[in-house]
Amino acid sequence: MKIIAVHAYTTKTQPKVSFVWRKGLPGSDPVIEQTWLRIVTDAGIEGWSCAVRGPIALDLIERRLKPMLLGKNPLMKELLWHEVWELDRLEEFPIYMMGVVDAALWDITAKAANLPLYQLLGGYRDSIEAYASTVTYSTTEEFLDVADQCLARGFKAIKLHAWGDARKDAALCQALRKHVGPEIALMYDGSAGFDPYESLYLGRALEDADYLWYEEPMREFSINAYKRLCEQLDIPVLAAETSDGCHYNVADFIMQGAADMVRTSWFYKGGITGALRVAHLADSFQLSVEVHGMGVENIHLCLAIRNNHYYETLVMGNPVVFESRIGPDAHVRAPEAPGLGHDVDLQTLEKVAVAKL
Ligand SMILES: [Mg+2]
């Protein structure tokens with residue numbers, strides 16, 4: 001099989017719900033810009049994936065990725081994965097661009113095998129429980145109201161993205177535990193908003209409130225800072241979500257004792273290939289690897305990786321808007337179509353694209 005054409009289409013859409021993150025971070029984008037990558041083969045099979053940016057993604061596809069891909073065999077994913085890392089050395093790709101080619105190549109491979117991707121990757125389960133991952137709401141009362149809506153929708157696990165104030169966030173986490181009782185799994189995501197001392201204060205509060213995990217309290221630059229935090233706390237610290245360098249970097253987090261659980265995703269770890277490497281690395285140390293973020297790529301990973309326990313689905317707005325693929329029991333079920341299952345209408349895309357290649 002040979003790649004005979006590479007196309008890209010940038011679109012702009014309005015977000016259905018706008019939201020905010022913790023203090024210091026921008027909230028939802030006023031306009032969502034995405035760039036669809038379409039890899040065409042001489043076998044009549046096409047691979048799709050989507051980059052979460054507009055002009056930057058289009059530029060990198062045009063100057064670097066398209067020339068790399070044309071004429072190559074799309075089934076040689078291992079080779080092409082390493083070629084992307086070679087280009088990254090020159091270009092310093094944004095981390096979200098590291099997996100865009102790889103995901104489209106896996107789409108082609110799974111379509112060629114006539115299998116939904118998670119089965120091609122091994123297949124461990126055909127449905128998985130989702131946790132409600134909140135955006136940041138204004139008050140404790142609003143967070144508790146949102147939690148009630150999630151429980152009424154069938155969720156049994158909730159993760160907070162709160163304000164980024166260690167004392168206020170600690171009080172919120174304790175109030176939520178009191179509100180939902182001991183049976184609901186609760187997690188907290190710091191979105192890297194804290195210094196080491198605030199991280200310790202908050203971590204102790206989460207331990208007291210029996211939280212399941214404590215995610216990314218600090219930027220993931222200092223492995224030493226995470227090592228100290230892990231030594232000081234009993235609650236599992238979940239780290240290496242946004243750190244660069246895929247499994248090469250996650251290996252150091254694990255070996256230094258700087259993470260009790262690790263993150264993986266197609267988005268931050270170099271596509272499906274990179275995400276699986278991190279998962280297998282964690283498994284060899286008997287550690288959990290929790291898949292970060294939503295979307296079809298991550299669903300396939302959640303269904304294929306044994307040591308992952310949940311699918312993360314963002315809940316936003318009030319009344320809360322839930323992702324439509326979540327079932328009434330808060331589980332997400334396996335896609336049946338061969339490949340990744342992106343639902344792209346080429347004719348519409350050609351029409352609505354604001355820029356294309
Ligand atoms: Mg996170």
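In the block above lies the structure referred to throughout.
Residues numbered from 1 in each chain as written. Predicted model: local features only at pLDDT ≥ 70, side-chain atom pairs only at ≥ 80, totals over all residues. Heavy atoms only, no water.

> Where do I start with helix α8 (residues 223-232) in this structure?
Residues that lie three or four places apart on an α-helix share one face, since the helix turns once every 3.6 residues. By the burial criterion, the buried members of α8 are Ala225, Tyr226, Leu229 and Cys230. End-on, the buried residues of α8 take up no more than an arc of 135°, which puts them together on one face. Of the exposed residues in α8, those oriented more than 90 degrees away from the buried face are Asn224 and Glu231. Taken together, the buried residues of α8 touch α7 (196-208), β7 (213-215), β8 (237-239) and α9 (246-255). (Buried < 20%, exposed > 50% of the residue type's maximum accessible area, 1.4 Å probe, protein only. Helix = DSSP H or I, 4+ residues; strand = E, 2+ residues; numbered from the N terminus. Arc of directions from axis to C-beta. Contact = heavy atoms within 4.5 Å.)

> Sorry, what's going on with the pairing of strand β3 (residues 46-51) here?
Regular strands place side chains that alternate from one sheet face to the opposite one. Here β3 lies mainly inside the structure; 5 of its 6 residues are buried. For strand β2 (residues 32-41) and β3, the ladder comprises 6 bridges, and the chain directions are antiparallel. Each residue of the ladder has a partner; that of Arg38, found in β3, is Trp48. Hairpin connection between β2 and β3: a loop of 4 residues separates the two successive antiparallel strands, and Gly44 in this loop has a positive phi of roughly 80°. (Pairing = 2+ DSSP bridges.)

> Looking at this structure, I do not really get the pairing of strand β9 (residues 261-264). What am I missing?
Side-chain alternation along β9 places Met261 and Arg263 on one buried face and Val262 and Thr264 on a second face that is also buried. One ladder, built from 3 bridges, connects β9 with strand β10 (residues 289-291); its direction is parallel. Looking across to β10, one finds that Thr264 is bridged to Val291.

> Looking at this structure, I do not really get the packing of aromatic side chains. What am I missing?
Centre distance and the angle of the planes are the two values used to describe a pair of aromatic rings. Counted under the stated rule, the structure contains 14 aromatic pairs. Ring centres of Tyr131 and Trp213 lie 5.6 Å apart, and the angle between their planes is 85°; on these two criteria the pair is classed as edge-to-face. One end of the pair, Tyr131, is in strand β4 (residues 127-134); the other, Trp213, is in strand β7, and 82 residues separate them in sequence. The exposure class of Trp213 is buried, given its relative accessible area of 1%. Pairing Tyr188 with Tyr214 gives two aromatic rings, centres 6.1 Å apart and planes at 45°, and the pair type is tilted. In this pair, Tyr188 sits in strand β6 (residues 185-189) while Tyr214 sits in strand β7, placing the two residues 26 residues apart along the sequence. Each member of the pair, Tyr188 as well as Tyr214, carries the same accessibility label: buried. (Phe/Tyr/Trp six-rings, centres within 6.5 Å; stacked < 30°, edge-to-face > 60°.)

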